[in-house]
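Each chain, written out:
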Amino acid sequence: MLIEFPILTYIVLLPAVGAVFTYLTGSDRTARAVALAFSLVVLGLCTVLLMGFLWPNVISVPTMTTAGNHTYFAVEETPWVPSLHINYVMGADELSVVLVFLNALLTPLALAISWDEHHRVPAFFAMFLFMETTINGVFLSLDLFQFFVFWEVGLIPMYFLIAVWGGPRKRQAAFKFFMYTFLASLPLLVAIFAFYFYSNPGTPCTSLGSLAPCPFDMRAIIATTPIPAGTIGDLMFVALLIAFGTKLPTWPLHTWLPDAHVEAPTGGSVILAGVLLKLGGYGLIRFNVQMIPQAAMDMYWLLALAGVISILYGAIVCLAQDDLKRMVAFSSVSHMGFVTLGIAAGVYGFTISGRGAVLGLTGAIFQMFAHGLVSAALFMVAGSLGHTLGTRNISELGGIAKRAPRMATFMMISFMASLGLPGLVGFVAEFSVFLGVYAAFGLLVFVPILTVILTAAYFIWAMQRAIFGPLNPKWEAMPDLHRFEVAPLAVLVAAFAVFGIVPVLFLSLISNWAQGILGGL
């Protein structure tokens, strides 16, 4: 089967069309159904695209290869603003297709877990679809101007989800989220201008076999790496690390995250932790590693340092948290530290040990996917607990497994997946990063390994206080999870097992791509 229609445009724009229809329905029940239907259609398209990568003999996706020997799939290209050499360019590769599939999977699950929302329902569900469009646009854009538009517009739906449907301190949290991430976009904008000017805007785009200039084309920039090595490249690396590190987030740019998570509605937290943070990791690999590779080899130590501090800091702070949502938010800082550390190990270690260090970058990408699944389940459990009991404080819980066995079961499995239990998806990602770090930095791998003990400590301690032990008399009449809460959690738990037991589904795909990227540095 050959894909002969513009599948990437459909994946990006269909959710926006669905958002308009959802908003205009005027009926709460119809809005829920329309939003879910559009999100499932997009999930179907993303699954077809992913199958084209995994089983090319079954589904054939058109490809193009640049002069730098980088292959892009299902490329769509048309002039947008010819006078400024800005084009509409969509394309997928092994990095983006995994994250697009993650976004398509989590969006209908976030809609399902929010099924009992009753405040301005059409607008609420429309925001999720609008956000899906902006996130897919970031992952699939191959033009810098187009990338930046999707990157900035994506702040709007999340801001409104927190500010309108959030908790008691929603306005402060929404403002903090917007200002942090908006100001962090300024160094990204400066870097985009630098790419433009160093790409010689008037010269033909020979790397793509074109006579027209393409100074904003990300394919050409990756193929030619026009930024000079030295001070300019290193400064751009730091600027981009600030821009993407704030979104990831990495220490010390993380302080907006706990407030945003605590105040966001449950579905908003699912998308924020599951997908929105991954934009930062995607940017670090696409820009810092692929577009300025020499600077990445010079400044790998900064990535590694930020990663190690984030891993340790997030884990230690989790031990002091009483609010379940805040604890999961800080655990995200720790787990995203594995992404930056894995990238650093891949870049530095490949020049020393070759194949072994590829596991660092491979693990970093797989960690983004794994954390997306696990954090979504964790925030679903924390949100459902808060809605049911009116509190998320671990110290006020106790023995709830006796009254809510389904909630206790999902909480326990999610905690185990996050702490890296073998057989579940989190173990594969972290173990790959550890192997890559050992290949690159030797015995320094024991520093991040220490956090496995801390992670187990705060999750098991929280689990022991919240769901086991004597039942708090206040929760004698506590209800268990509803069907609309069980369904998305069951899907995620199944995904933990599938990608934990058969990780080769994605790992071989990602590993081959990472080998090609690091080999071209």
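Here, the structure is the one placed above.
Model, not experiment: these values are computed from the prediction. (Residues numbered from 1 in each chain as written. Predicted model: local features only at pLDDT ≥ 70, side-chain atom pairs only at ≥ 80, totals over all residues. Heavy atoms only, no water.)

Re the overall build of the protein
Next, step 1: Looking only at helices and strands, one finds 22 helices and three strands in the protein.
Next, step 2: Against the compact-globule benchmark of 24 Å for 521 residues, the protein has a radius of gyration of 22 Å, which places it among compact chains.
Next, step 3: Each principal axis of the C-alpha atoms in the protein carries an extent, and together these give about 75 × 60 × 45 Å.
Next, step 4: Relative to its 521 residues, the protein shows a buried fraction of 61%.
Next, step 5: By sequence separation, contacts in the protein at least 24 residues apart represent 80% of the contacts at least 6 residues apart.
Next, step 6: Surface summary for the protein: the accessible area is close to 18,300 Å², and the carbon and sulfur share equals 69%.
Next, step 7: In the protein, the 21 positive side-chain charges and the 23 negative ones have mean positions that sit 10 Å from each other. (Helix = DSSP H or I, 4+ residues; strand = E, 2+ residues; numbered from the N terminus. Rg over C-alpha atoms; globule rule 2.2 N^0.38 Å. Buried < 20%, exposed > 50% of the residue type's maximum accessible area, 1.4 Å probe, protein only. Contact = heavy atoms within 4.5 Å. Areas by Shrake-Rupley, 256 points an atom, 1.4 Å probe, with all protein chains shown as cover. Lys, Arg positive; Asp, Glu negative; His and termini not counted. Charge placed at Lys NZ, Arg CZ, Asp CG, Glu CD.)

A short note on empty space enclosed by the protein
Next, step 1: A complete count under the given rule lists three cavities of 30 Å³ or more for this structure.
Next, step 2: Estimated volume of the largest cavity: approximately 60 Å³.
Next, step 3: Lining the largest cavity are H335, Q367, A370, H371, V374, A417, S418, G426 and E430.
Next, step 4: Only α17 (355-389), α18 (405-419) and α19 (425-441) provide two or more residues apiece to the lining of the largest cavity.
Next, step 5: Element by element, the count of residues in the lining of the largest cavity is highest for α17, at four residues.
Next, step 6: For the lining of the largest cavity, the class distribution of residues is three nonpolar, five polar and one charged.
Next, step 7: In terms of lining, the second largest cavity is formed by T134, I135, V138, F150, W151, G154, L155, K247, L276 and L279.
Next, step 8: Of all the elements, helix α4 (residues 121-140) adds the most residues to the lining of the second largest cavity, at three residues. (1 Å grid on protein atoms, 1.4 Å probe; cavity = no way out; pocket = protein on both sides within 12 Å on 5 of 7 lines; lining within 4 Å. Points joined across faces, edges and corners; volume = space filled by probe spheres on them. Nonpolar A, V, L, I, M, F, W, Y, C, P; charged D, E, K, R; others polar.)

Overview of the sheet that holds strand β1 (residues 63-65)
Next, step 1: Judged by pairing direction, the sheet is antiparallel, and its three strands sit side by side in the order β1-β2-β3 without closing on themselves. Sheet topology places β1 and β3 (86-92) at the edges, where each strand pairs with a single neighbour. Put simply, the sheet's adjacent strands are angled 50° from each other on average, direction ignored.
Next, step 2: Judged from the six bridges that link them, strand β2 (residues 71-81) and β3 form a sheet pairing that is antiparallel. Across the sheet, T78 pairs through a bridge with Y88, a residue of β3. (Pairing = 2+ DSSP bridges. Axes fitted to C-alpha atoms, helices over the stretch in contact; angles between N-to-C directions.)

Topic: the side chain of H335
Next, step 1: Structurally, H335 is set in helix α16 (residues 324-349).
Next, step 2: For H335, a relative accessible area of 3% gives the class buried.
Next, step 3: Discounting residues that sit within four places of it in the chain, H335 has contacts with Q367, H371, S418, E430, T455, Y458 and F459.

Quick look at the nonpolar core
Next, step 1: If you look at the biggest cluster of nonpolar residues, it comprises 192 residues, and the most contacted ones within it are I11, L188, F195, F287, I343, F366 and F496.
Next, step 2: With 19 residues, α17 is the single largest residue contributor to this core.
Next, step 3: Here I343 is in contact with G281, L284, I285, V289, L303, G360, L361 and A364, once residues within four sequence places are set aside. (Core = buried A, V, L, I, M, F, W, Y, C linked by side-chain atoms within 4.5 Å.)

Let's talk about the packing of α4 against helix α13 (residues 278-289)
Next, step 1: Interaxial distance between α4 and α13 falls to 10 Å at its minimum, and their mutual angle equals 15°. Classified by the angle between their axes, α4 and α13 sit roughly parallel to one another. Remark: the crossing between α4 and α13 carries left-handed chirality. Counted together, I135, V138 and F139 of α4 and K278, L279 and Y282 of α13 form the full contact between these two elements.
Next, step 2: Within the contact of α4 with α13, the residues separate by chemical class into five nonpolar, no polar and one charged. (Parallel < 35°, antiparallel > 145°, perpendicular 65-115°, else oblique. Left-handed = near helix turned anticlockwise from the far one by under 90°.)

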